[in-house]
Amino acid sequence: MAASMGMCLNARDAADCTKNEGICVRFIDNLRGKGVFANRDFKSNDTLFTENPLVCAQFLWNEFYRYTACEFCMRSMETAQDMARRLSANPSLVLPHPECCTLQSEKHTACPQCQVPYCSTECRDQAVAQYHQVLCVGQSPPDPEHPLVVLQETWKNMHYPPETASITIINKMIATVKQAQKKEHVLSAFNQFCQKANNEEQELAHKLLGSQFQEQIDTLQGMLAGALYEDCISQWFTPEGLRSLIALIGMNGQGVGTSSLSVYVHNCDALDLPGDERQALDSFIDQLYVDIERESGTFLNCEGSALYQLQSCCNHSCQPNAEIQFNDNNSTLTAVALRDITEGEEICICYLDECSRERSHHSRQKILRENYLFHCSCVKCLEQCDDADQTSSDEEEEEEDEETQDAVTEDGTVMDT
Ligand SMILES: [Zn+2]
Ligand SMILES: [Zn+2]
Ligand SMILES: [Zn+2]
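From a predicted model like this one, the values you see are computed outputs, not experimental measurements.

About the cut-offs
Residues numbered from 1 in each chain as written. Chains lettered and ligands numbered in written order. Predicted model: local features only at pLDDT ≥ 70, side-chain atom pairs only at ≥ 80, totals over all residues. Helix = DSSP H or I, 4+ residues; strand = E, 2+ residues; numbered from the N terminus. Buried ≥ 20, exposed ≤ 12 C-beta atoms within 10 Å, placed from the backbone. Contact = placed C-beta atoms within 7 Å. Axes fitted to C-alpha atoms, helices over the stretch in contact; angles between N-to-C directions. Parallel < 35°, antiparallel > 145°, perpendicular 65-115°, else oblique. Nonpolar A, V, L, I, M, F, W, Y, C, P; charged D, E, K, R; others polar. Pairing = 2+ DSSP bridges. Expected span 1.5 Å × (residues − 1). pLDDT = per-residue confidence, 0-100.

### Some words on the overall build of the chain
Phase 1: Within the chain, the secondary structure is distributed over 16 helices and 12 strands.
Phase 2: Scored against the burial criterion, the 417 residues of the chain give a buried share of 36%.
Phase 3: Within the chain, contacts between residues separated by at least 24 positions form 74% of all contacts whose residues are at least 6 apart in sequence.

What follows is the structure, encoded as structure tokens:
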């Protein structure tokens with residue numbers, strides 16, 4: 001929400017700025033902040049813009065459970081076959097059409113000190129240039145007493161899966177500032193993310209982190225200061241500052257999911273095969289997903305979250321004209337048109353997950369208000385706004401019940417009727 005194009009943190013982003021000439025960021029009004037607008041006509045399925053994140057980080061439990069991802073770009077680094085074997089708990093599984101796995105394992109490398117994995121020397125060099133000098137724990141396995149290791153373990157023990165945020169993205173923001181030559185440039189990039197009044201942020205942080213976390217924030221803040229304190233961002237190293245950072249990530253962060261297996265399946269779908277071979281391959285893949293669901297549930301991807309300057313400027317609509325995709329098996333984001341878009345039109349994405357976006361007007365407003373601190377007045381909400389007047393306390397209770405149900409099912413099959 002509501003940031004601006006801002007400056008570029010490195011050469012890779014500088015290249016992006018010129019790639020995205022079809023769109024521009026404009027200030028709308030004080031209520032809506034900034035928005036992204038089309039500079040020309042687009043057809044349905046066209047790419048509107050592509051973007052690399054300022055920072056991205058894999059969730060710590062996801063990493064712990066051996067979802068191997070590049071520490072810089074989050075590329076899934078297992079071969080499709082290794083990933084399928086692990087997720088289906090079948091170590092002798094052999095995938096047909098191995099050419100559909102496009103992973104370039106020969107390019108993989110690691111930090112020579114701490115051994116965190118990188119998909120390429122380019123990613124390793126960019127991580128070292130941006131933040132890894134500060135965040136390298138120096139050896140593998142790391143010293144369990146290292147302040148960053150203690151901080152991450154503490155976080156993990158406070159936040160069990162399913163994960164929605166991670167202390168590592170905060171670590172990377174701080175380390176990026178610490179390593180920057182021109183600190184004010186980096187700070188202005190982070191300051192452009194949507195921020196709200198202090199009391200609202202504090203409430204949001206509490207909601208995002210759960211009630212048991214309220215007592216633990218002091219512990220976490222102390223550890224963070226011990227590991228990474230920096231004078232020019234002293235305001236981040238207070239309990240209120242940490243809550244503000246967590247609220248910033250909650251409101252602006254974009255979930256990232258990568259999987260070399262899903263790239264493989266996508267490539268298999270595109271193969272031109274004779275009818276019987278096509279049928280055999282399709283039923284093989286269907287069975288694979290049944291086996292995976294039995295062993296691993298819905299945790300299929302390398303998962304994390306990231307901060308993007310352009311994507312975070314896209315306002316929400318319950319009837320969006322664009323969606324966010326990850327098509328390169330890494331954190332490079334693509335915004336794609338869901339229908340034809342004409343020059344001058346605002347580009348809107350939907351902040352709600354698939355399940356929540358089918359809910360009633362009242363439910364959607366409630367989720368958006370609690371998680372993003374705004375009232376939606378999109379076309380769909382305006383059309384349905386009379387429904388809100390009929391909301392009774394009975395309906396409210398009903399929706400509360402449904403929310404509880406949703407929380408337990410996780411597979412997104414429960415929708416409100
Ligand atoms: Zn990478
Ligand atoms: Zn290292
Ligand atoms: Zn709406």
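Back to the write-up after that little detour.
### What to know about the packing of helix α8 (residues 198-209) against helix α10 (residues 239-252)
Phase 1: Contact pair α8 / α10: the axes reach a minimum separation of 8 Å and the direction vectors enclose 70°. Regarding the angle of α8 to α10, the classification is roughly perpendicular. Seen from α8, the contacting residues are Asn198, Glu201, Gln202, Leu204, Ala205, Leu208 and Leu209; seen from α10, they are Glu240, Arg243, Ser244, Ile246, Ala247 and Gly250.
Phase 2: Looking at the contact of α8 with α10 residue by residue, the classes come out as 6 nonpolar, 4 polar and 3 charged.

### Re the pairing of strand β8 (residues 302-307)
Phase 1: Extensive coverage of β8 is indicated by the burial of 6 of its 6 residues.
Phase 2: A two-sided burial pattern is seen for β8, the buried positions comprising Cys302, Gly304 and Ala306 on one face and Glu303, Ser305 and Leu307 on the other.
Phase 3: Looking at chain direction, strand β4 (residues 55-58) and β8 are connected through 4 bridges and run antiparallel. Its bridge partner being in β8, Ala57 is matched across the sheet by Ser305.
Phase 4: One ladder, built from 5 bridges, connects strand β7 (residues 254-258) with β8; its direction is antiparallel. Bridge pairing in β8 links Thr258 to Cys302.

### A few points about the environment of Glu370
Phase 1: Topologically, Glu370 is positioned in helix α13 (residues 361-372).
Phase 2: C-beta crowding within 10 Å serves as the criterion here: with 12 such atoms nearby, Glu370 is assigned to the exposed category.
Phase 3: For the pair formed by Glu370 and Leu208, sequence separation is 162 residues and the distance between their alpha carbons is 9.7 Å.

### A closer look at the sheet that holds strand β10 (residues 322-325)
Strands in a sheet are paired, the pairing made by backbone hydrogen bonds, and the direction either parallel or antiparallel.
Phase 1: Strands sit in the order β3-β11-β10 across an open sheet of 3 strands; the sheet is antiparallel. Pairing within the sheet leaves two strands with one partner each, and these edge strands are β3 (47-51) and β10. Each strand of the sheet is rotated relative to its neighbour by a mean of 20°, with strand direction disregarded.

### Looking at the sheet that holds strand β9 (residues 315-316)
Phase 1: Pairing is mixed across the open sheet formed by 4 strands, whose spatial order is β1-β2-β12-β9. On the outer flanks of this sheet lie β1 (23-29) and β9, each paired with one strand and no other.
Phase 2: Two elements, β1 and strand β2 (residues 33-38), share 6 bridges in a ladder whose sense is antiparallel. Its bridge partner being in β2, Phe27 is matched across the sheet by Lys34.

### What to know about unusual backbone geometry
Phase 1: Cis geometry marks the peptide bond from Ser140 to Pro141, where omega comes out at -5°.
Phase 2: Tracing the backbone through its elements, the reader meets Pro141 in the loop between α4 (121-135) and α5 (147-158).
Phase 3: In this structure, Met74 takes a positive phi of about 65° despite not being glycine.
Phase 4: With respect to the secondary-structure elements, Met74 resides in the loop between α2 (60-64) and α3 (80-88).
Phase 5: For Gln115, which is not a glycine, the phi torsion comes out positive at approximately 70°.
Phase 6: Position of Gln115 among the secondary structure elements: in the loop between β5 (109-110) and β6 (117-118).

### Focus: α10
Phase 1: Here α10 is 14 residues long and its end C-alpha atoms lie 20 Å apart, about the 20 Å a rise of 1.5 Å per residue gives.
Phase 2: Burial within α10 is extensive, with 11 of its 14 residues counted as buried.
Phase 3: Within the span of α10, buried status applies to Leu242, Arg243, Ser244, Leu245, Ile246, Ala247, Leu248, Ile249, Gly250, Met251 and Asn252.
Phase 4: The secondary structure elements touched by the buried residues of α10 are α6 (167-179), α8, α9 (217-228), β8 and α13.

### Here we look at the packing of α6 against helix α7 (residues 183-191)
Phase 1: Relative to each other, α6 and α7 sit at 150°, their axes nearing to 8 Å. Of the possible angle classes, the one that applies to α6 and α7 is roughly antiparallel. Taking contact as the criterion, the partners of Met173, Thr176 and Val177 in α6 are, on α7, Lys183, Val186, Leu187 and Phe190.
Phase 2: Across the contact of α6 with α7, the residue classes tally to 5 nonpolar, 1 polar and 1 charged.

### Here's the deal with the confidence of the model for the chain
Phase 1: Looking at the chain, the pLDDT average stands at 86 and 87% of residues meet or exceed 70.
Phase 2: For residues 10-17, every residue scores under 50 in pLDDT, and the model assigns this stretch 11 contacts once sequence neighbours within four places are set aside.

### Describing the environment of Arg26
Phase 1: With respect to the element layout, Arg26 can be found in strand β1.
Phase 2: Apart from the residues within four sequence positions on either side, Arg26 is in contact with Lys34, Gly35 and Phe37.

### Considering the environment of Trp61
Phase 1: Summarising the element assignment, Trp61 is placed in helix α2.
Phase 2: For the pair Trp61 and Lys156, spaced 95 residues apart in sequence, the C-alpha to C-alpha distance is 6.9 Å.
Phase 3: Leave out the neighbours within four places in its chain, and Trp61 touches Lys156, Tyr160, Pro161 and Glu163.

### Focus on helix α12 (residues 275-296)
Phase 1: The end-to-end C-alpha separation of α12 is 31 Å, in line with the 32 Å expected for 22 residues at 1.5 Å each.
Phase 2: Of all the 22 residues making up α12, 1 are buried; the element is thus mostly uncovered.

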